[in-house]
Amino acid sequence: MATRFKTRGIKANQAYYVHELADVACVSVATVRSWLKAGMGRVDRNRPTMVLGFQALEFLKARRNKAKQPLKVGEFYCFRCKGPRKPLGAMTDYYEPSATAGGCLKALCDECECPCNRNVSASDLPAIRKVLDVAIRGIQRP
Ligand SMILES: [Zn+2]
């Protein structure tokens, strides 16, 4: 899994040295250097290496979007298989962990049979029920 990074502290109109960008993105200097090798833009080829904030933001946004794996209706993300999976036997259970948080679907992965969860809105249940067999297990309160 790719290292988590923060983009909130990166200002688009500011130039950063590698160690400064590492500080604001909460990653190591080696990580920023690997981003440069992977194609992140830089001011020029001179040393010390400087990166403009918008170059870093564009690169990191593209990288984050590339890592996303959107799920279709009725699919779960399996953390063991690291991918979208159908539930075993097209069966799933619906819980509401709290009154305000919405619902949670629980199922077993079709390939490795490990438990998978997916947060859903109660208003999405009719669309999910067209694809899966949903058993409503009521409200679970801690
Ligand atoms: Zn799995």
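Cut-offs and rules
- Residues numbered from 1 in each chain as written.
- Predicted model: local features only at pLDDT ≥ 70, side-chain atom pairs only at ≥ 80, totals over all residues.
- Helix = DSSP H or I, 4+ residues; strand = E, 2+ residues; numbered from the N terminus.
- Buried ≥ 20, exposed ≤ 12 C-beta atoms within 10 Å, placed from the backbone.
- Contact = placed C-beta atoms within 7 Å.
- Domains from an automatic or database assignment.
- Axes fitted to C-alpha atoms, helices over the stretch in contact; angles between N-to-C directions.
- Parallel < 35°, antiparallel > 145°, perpendicular 65-115°, else oblique.
- Nonpolar A, V, L, I, M, F, W, Y, C, P; charged D, E, K, R; others polar.
- Core = buried A, V, L, I, M, F, W, Y, C linked by C-beta atoms within 7 Å.

With that settled, consider the environment of Asp133. Take Asp133: it is sitting in strand S8 (residues 133-139). Judged by the 13 C-beta atoms lying within 10 Å of it, Asp133 falls in the partly exposed class. Considering only alpha carbons, one finds Asp133 and Asp110, 23 residues apart in sequence, at a separation of 14 Å. Not counting the four nearest positions on each side in its chain, Asp133 is found in contact with Ala90 and Met91.

Here we take up the domain arrangement of the chain. What the domain assignment reports for the chain is domain 1 (15-67) and domain 2 (76-139). With centres defined by C-alpha atoms, the gap from domain 1 to domain 2 works out at 38 Å.

With that settled, the discussion passes to the packing of helix H1 (residues 18-25) against helix H2 (residues 29-37). Between H1 and H2, the least distance of the axes is 8 Å, while the angle of their chain directions is 110°. One way to sum up the angle between H1 and H2 is to call them roughly perpendicular. The segment H1 lies against H2, with Val18, His19, Leu21 and Ala22 engaging Val29, Thr31, Val32 and Arg33. Partitioned by chemical class, the residues of the contact of H1 with H2 number five nonpolar, two polar and one charged.

Turning our eyes to something else, we now look at unusual backbone geometry. Cis geometry marks the peptide bond from Arg47 to Pro48, where omega comes out at 0°. The residue Ala90 is not glycine, and still its phi comes out positive at about 55°. The residue Ala90 is located in the loop between strand S4 (83-85) and strand S5 (91-96) in this model. Residue Glu113 is not a glycine yet carries a positive backbone phi of 60°.

The next point concerns the nonpolar core. Counting eight residues, the largest nonpolar core is built from Ile10, Tyr16, Leu21, Ala25, Val32, Trp35, Val51 and Ala56. Elements with a minimum of two residues in this core: H1 and H2. In this structure Ala25 touches Phe5, Lys6, Thr7 and Ile10, once residues within four positions along its chain are discounted. Counting residues in each nonpolar core, the second largest holds six residues, with Cys78, Leu105, Ala107 and Cys109 among its members.

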